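These are the residues of each chain, in order.
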Amino acid sequence: SAVISQKPSRDICQRGTSLTIQCQVDSQVTMMFWYRQQPGQSLTLIATANQGSEATYESGFVIDKFPISRPNLTFSTLTVSNMSPEDSSIYLCSVAVSHTGELFFGEGSRLTVL
Amino acid sequence: QKEVEQDPGPLSVPEGAIVSLNCTYSNSAFQYFMWYRQYSRKGPELLMYTYSSGNKEDGRFTAQVDKSSKYISLFIRDSQPSDSATYLCAMTLLSGTYKYIFGTGTRLKVLA
């Protein structure tokens, strides 16, 4: 398994500001993802964080709104830019074990935008 | 048609009951199946992982996969109040794209 640490665990933000979420994994992993979970809903993939190159975004998500960095195999950041109340969600970092496909999640970062 | 269907519940059971949670899926290419437990305000925790039809047991939990019917189940024996959580099923092709499809989750409440 993988131990994934995310911070902040929660934050209350003002409309129009940006927040960066950090994700640290205890081992080197190839596949790292960022998900969003809106209240009462399931998980939606935002992007795949690629080490040393631009992230791969899913339909409906763009780099200007959700810039992602992944400088090495154990660390990634997700920035939620120019936030609006619709961005209030739990943001989850996850990693996949490449040979089994098991997917592990961090504890999540709960953002509330006022 | 959604790729994965999961009854959202809520499901309330008395302590000690056997709980059955289910998901159906439409894409016969899915190969790997997972069940997650998510407590309120926490990230999903991987409970069970299976890749073949049949049963896999881990303590009080049994995961069952029926690929011919495109149906997966999670059974919880001797349910405890601490099992109260949302349970999500997930599946993947693991074909190099690492596309994971999640159910909407079933809220379970085990009453003491």
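Quick look at the structure, then. Keep in mind that this is a model prediction, so the values were computed, not measured. (Residues numbered from 1 in each chain as written. Chains lettered and ligands numbered in written order. Predicted model: local features only at pLDDT ≥ 70, side-chain atom pairs only at ≥ 80, totals over all residues. Heavy atoms only, no water.)

### Focus: the sheet that holds strand β7 (residues 61–66) of chain B
In sheet architecture, strand pairing relies on hydrogen bonds along the backbone and comes in two forms, parallel and antiparallel. All names here are of chain B. Rule in force here: For two strands to count as paired, DSSP must find a minimum of two bridges between them. A run of H or I in DSSP becomes a helix once it reaches four residues, and a run of E becomes a strand once it reaches two; helices and strands are each numbered from the N terminus. Only the stretch in contact is used when fitting a helix axis, every axis being a line fitted to C-alpha atoms; angles between N-to-C directions are given from 0 to 180 degrees.
What the five strands build is an open sheet, ordered β1-β3-β8-β7-β6; its pairing is antiparallel. The sheet is open, and its two edges are formed by β1 (4–6) and β6 (54–58), each paired on a single side. Taken over all neighbouring pairs, the strand axes of this sheet differ in orientation by 15 degrees on average, direction set aside. As defined by bridge partners, β1 adjoins strand β3 (residues 19–25) across three bridges and the pair is classed as antiparallel.

### Considering the nonpolar core
The condition that has to hold: Nonpolar core, defined: a set of buried Ala, Val, Leu, Ile, Met, Phe, Trp, Tyr and Cys residues in which side-chain atoms within 4.5 Å join the residues together. Only protein chains enter the accessibility calculation, which uses a 1.4 Å probe. A residue is then buried if its area is under 20% of the maximum for its type, exposed if over 50%, and partly exposed in between. Every residue pair with non-hydrogen atoms within 4.5 Å of one another is taken to be in contact.
F33, W34, Y35 and L103 of chain A together with Y36, Y100 and F102 of chain B are the most contacted members of the largest nonpolar core, which totals 46 residues. Ranked by residue count, the leading element in this core is strand β9 (residues 89–96) of chain A, at six residues. The residues touching L103 of chain A, leaving out its near neighbours within four places in the chain, are F33, Y35, S94, V95 and A96 of chain A together with M34, Y36, L46, Y100 and F102 of chain B.

### Examining the interface of chain B and chain A
Let me state the cut-off plainly: What counts as buried area is the accessible surface, traced by a 1.4 Å probe, that two parts surrender upon association, with contributions from both included. By definition here, a salt bridge exists when the distance from a side-chain nitrogen of Lys or Arg to a carboxyl oxygen of Asp or Glu is within 4 Å.
Every contact between the two is made by 17 residues of chain B and, on the other side, 19 residues of chain A. Carbon and sulfur atoms supply 57% of the area buried between chain B and chain A, which totals about 1600 Å² over both sides. If you sort the residues of chain B by the area they bury against chain A, R41, Y98 and F102 of chain B come out on top, with a joint share of 35%. Linking chain B with chain A are one salt bridge. Here E107 of chain A ties to K42 of chain B by a salt bridge, and the two come within 3.7 Å at their closest N and O atoms.

### Quick look at the pattern of salt bridges
Residues and elements named next belong to chain A. Within this structure, the stated rule accounts for six salt bridges over all chains. Where D87 meets K65, a salt bridge forms, and the shortest distance between an N and an O atom there is 2.6 Å. One end of the pair, D87, is in the loop between β8 (75–80) and β9; the other, K65, is in the loop between β6 (56–57) and β7 (68–72), and 22 residues separate them in sequence. Exposure remark for D87: the relative accessible area of 5% places this residue in the buried category.

### Concerning the packing of aromatic side chains
Applicable threshold: A pair of aromatic rings is counted whenever rings of Phe, Tyr or Trp (Trp by its six-membered ring) have centres within 6.5 Å, and the orientation is called stacked for planes under 30 degrees apart, edge-to-face for over 60 and tilted otherwise.
Scanning the model with the defined rule gives 14 aromatic pairs over all chains in all. Each ring, one from F105 of chain A and one from Y36 of chain B, has its centre 5.5 Å from the other, and the planes form 80 degrees; the classification is edge-to-face. With one member in each of two chains, F105 of chain A in strand β10 (residues 103–105) and Y36 of chain B in strand β4 (residues 32–38) form a pair that bridges those chains. In this pair, the class of F105 of chain A matches that of Y36 of chain B, namely buried. Ring centres of Y49 of chain B and Y51 of chain B lie 6.3 Å apart, and the angle between their planes is 50 degrees; on these two criteria the pair is classed as tilted. Classification of Y49 of chain B as buried rests on a relative accessible area of 9%. The exposure class assigned to Y51 of chain B is exposed, which follows from its relative accessible area of 51%. Following the ring pairs from residue to residue traces out a cluster consisting of F33, Y35 and F105 of chain A together with Y36, Y100 and F102 of chain B.

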